[in-house]
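Observations on the three-dimensional arrangement
If you want the building blocks of each chain, they are given just below.
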Amino acid sequence: MTWWGTEVLGRLPLTGDETVLDAGCGSGRVTEELACRLPGGRVIAADAAPSMLVEARRRLARFGDRVTFVECDLGRPLPLDGPVDAVFSTATFHWVPDHDALFANLAGVLRPGGRLVAQCGGAGNVASVRRAVAELGETWPGPWTFATPEETVPRMEAAGFVDVEAWLHEEPTPLEPGEPTETFLATVVLRAHVDRLPEGERAGFVRRVAERLPSPTLDYVRLNLVARRA
Ligand SMILES: C[S@@+](CC[C@H](N)C(=O)[O-])C[C@H]1O[C@@H](n2cnc3c(N)ncnc32)[C@H](O)[C@@H]1O
């Protein structure tokens, strides 16, 4: 996933002195690469999870005050001091339930003409896992918003973006069968599902999902976004 982030970062043209918001910085792995591309600029590393920000602070300490950290929910207006030159985000937007609010909040902190470059899970993402979960009788669709480009372009335009490009691409990802797959499902893909179950039912649930997967390859689908603030 960090490699995917590196690839997406390559789509963001930078001169090196901009201020860039990393929306959903997580533990800061991709943020670190972003900060390296901004020797005269600044990164605002934003995330909703305090534990992620603790790890990101540790990883990015060497950049000193060129990186600042903001604990915030991208679904709410963002508490930044001034506008940023660009918004960058990877593997995060699908965790935000209201994409209209998300894009309005991002447009609200981006200077006119500033770019947004992002990637997140898109329509069809991990469909095999979601199918397996449904076969087990679980009716909760999960915490994600896996949107299509057709839904996303008008949302972004309504929020004040222009030159919006949105496309899906498949990123089939092989998993090591057995215990590594179950651990990956439990800690990454199905974490929210597992958290809702009593302790004693978690391992069995994950094993039954893993057994139902048609192949040891996870069917990731990414939604790619490139746009400019009007
Ligand atoms: C899979 S991580 C991605 C981290 C990093 N961007 C990367 O590509 O490695 C997703 C991050 O989104 C954050 N997140 C989820 N919902 C959020 C929200 N509503 N507002 C801000 N951050 C959120 C999570 O806390 C998590 O750190």
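Below or above, wherever it landed, is the structure these notes cover. Note that the coordinates shown come from a computational prediction; the quantities given were computed from them, not determined experimentally.

Now for helix α6 (residues 149-159). Among all positions in α6, only Pro-149, Thr-152, Met-156 and Ala-159 are buried. What you see down the axis of α6 is that its buried residues fit within an arc of 90°, all on one side. Turned more than 90 degrees off the buried face of α6, the exposed positions are Glu-150 and Ala-158. Looking at the packing, one finds that the buried side of α6 touches α4 (99-109), β5 (110-121), β6 (161-174) and β7 (217-229). Of the residues flanking the end of α6, it is Gly-160, one or two places downstream, whose phi is positive at about 110°.

How two aromatic rings sit relative to each other is given by the distance of their centres and the angle of their planes. On inspection of all chains with the given rule, the structure shows three aromatic pairs. Consider the rings of Trp-4 and Tyr-220, whose centres lie 5.2 Å apart with planes at 80°: the pair is edge-to-face. In this pair, Trp-4 is assigned in helix α1 (residues 2-9) and Tyr-220 in strand β7, connecting sequence segments 216 residues apart. Judged by its relative accessible area of 9%, Trp-4 falls in the buried class. Measuring from centroid to centroid gives 5.3 Å for Trp-144 and Phe-146, while their planes differ by 15°, and the two rings are stacked. Trp-144 sits in the buried class, given a relative accessible area of 14%. Phe-146 gets classed as buried once you look at its relative accessible area, which sits at 16%. Sitting above the plane of the Trp-140 ring, Arg-196 keeps its charged end 3.9 Å from the centroid.

Let us look at the nonpolar core. By size, the foremost hydrophobic cluster in this structure holds 30 residues, and its most contacted members are Leu-21, Phe-93, Phe-103, Leu-106 and Phe-161. Where this core is concerned, the elements lending two or more residues are β1 (19-23), β2 (42-47), β4 (84-90), α4, β5, α6, β6 and β7. Per-element accounting of this core gives the leading share, five residues, to α4. Dropping the residues within four chain positions of it, Phe-103 is found in contact with Phe-93, Thr-152, Arg-155, Met-156, Ala-159, Phe-161 and Leu-225.

This next bit is on the state of the cysteines. Enumeration over the complete set of coordinates arrives at zero disulfides. Just so you know, Cys-72 is unpaired, no disulfide at all, and the nearest cysteine sulfur is the one on Cys-25, 8.9 Å from it.

To continue, consider the site of the ligand. Gly-24, Asp-47, Asp-73, Leu-74 and Thr-90 are the nearest of the 16 residues found near the ligand. A distance of 2.6 Å separates an oxygen atom of the ligand from a polar atom in the side chain of Asp-47. The contact in question runs from an oxygen atom of the ligand to an N or O atom on the side chain of Thr-92, over 3.4 Å. When atoms are counted within 2 Å of each cavity's grid points, the one that captures over half of the ligand is the largest pocket. Residue composition of the shell around the ligand, by class: ten nonpolar, four polar and two charged.

Once that is clear, we can look at the layout of surface pockets. In this structure, the largest pocket encloses a volume near 1,200 Å³. The set of elements that each furnish at least two residues to the lining of the largest pocket consists of α1, α2 (29-36), α3 (50-59), α7 (179-189), α8 (191-195) and β7. Residues belonging to the lining of the largest pocket are distributed by class as follows: 20 nonpolar, 13 polar and eight charged. By volume, the second largest pocket amounts to about 160 Å³. Lining the second largest pocket we find Thr-19, Arg-42, Ile-44, Thr-68, Phe-69, Val-70, Pro-79, Leu-80, Asp-81, Gly-82, Pro-83 and Val-84. Secondary structure elements with two or more residues in the lining of the second largest pocket: β2 and β3 (67-71). No other element matches β3, which puts three residues into the lining of the second largest pocket. A class-by-class count of the residues in the lining of the second largest pocket yields seven nonpolar, three polar and two charged.

If you walk through the whole model with that rule in mind, you get eight salt bridges. In this structure, Glu-135 and Arg-212 form a salt bridge, with 3.4 Å as the shortest nitrogen-oxygen distance. A residue pair is termed long-range when its members are at least 10 positions apart, and Glu-135 in helix α5 (residues 127-135) and Arg-212 in helix α9 (residues 199-212) qualify at 77 residues. With a relative accessible area of 37%, Arg-212 lands in the partly exposed category.

Calculation notes
- Residues numbered from 1 in each chain as written.
- Predicted model: local features only at pLDDT ≥ 70, side-chain atom pairs only at ≥ 80, totals over all residues.
- Heavy atoms only, no water.
- Buried < 20%, exposed > 50% of the residue type's maximum accessible area, 1.4 Å probe, protein only.
- Helix = DSSP H or I, 4+ residues; strand = E, 2+ residues; numbered from the N terminus.
- Arc of directions from axis to C-beta.
- Contact = heavy atoms within 4.5 Å.
- Phe/Tyr/Trp six-rings, centres within 6.5 Å; stacked < 30°, edge-to-face > 60°.
- Lys NZ or Arg CZ within 6 Å of the ring centre and 35° of its normal.
- Core = buried A, V, L, I, M, F, W, Y, C linked by side-chain atoms within 4.5 Å.
- Disulfide = S-S within 2.5 Å.
- Near = heavy atom within 4 Å.
- Polar contact = N/O pair within 3.5 Å; in protein donor to acceptor, adjacent residues only side chain to side chain.
- 1 Å grid on protein atoms, 1.4 Å probe; cavity = no way out; pocket = protein on both sides within 12 Å on 5 of 7 lines; lining within 4 Å.
- Sits in = over half its atoms within 2 Å of the grid points.
- Nonpolar A, V, L, I, M, F, W, Y, C, P; charged D, E, K, R; others polar.
- Points joined across faces, edges and corners; volume = space filled by probe spheres on them.
- Salt bridge = Lys/Arg side-chain N within 4 Å of Asp/Glu carboxyl O.

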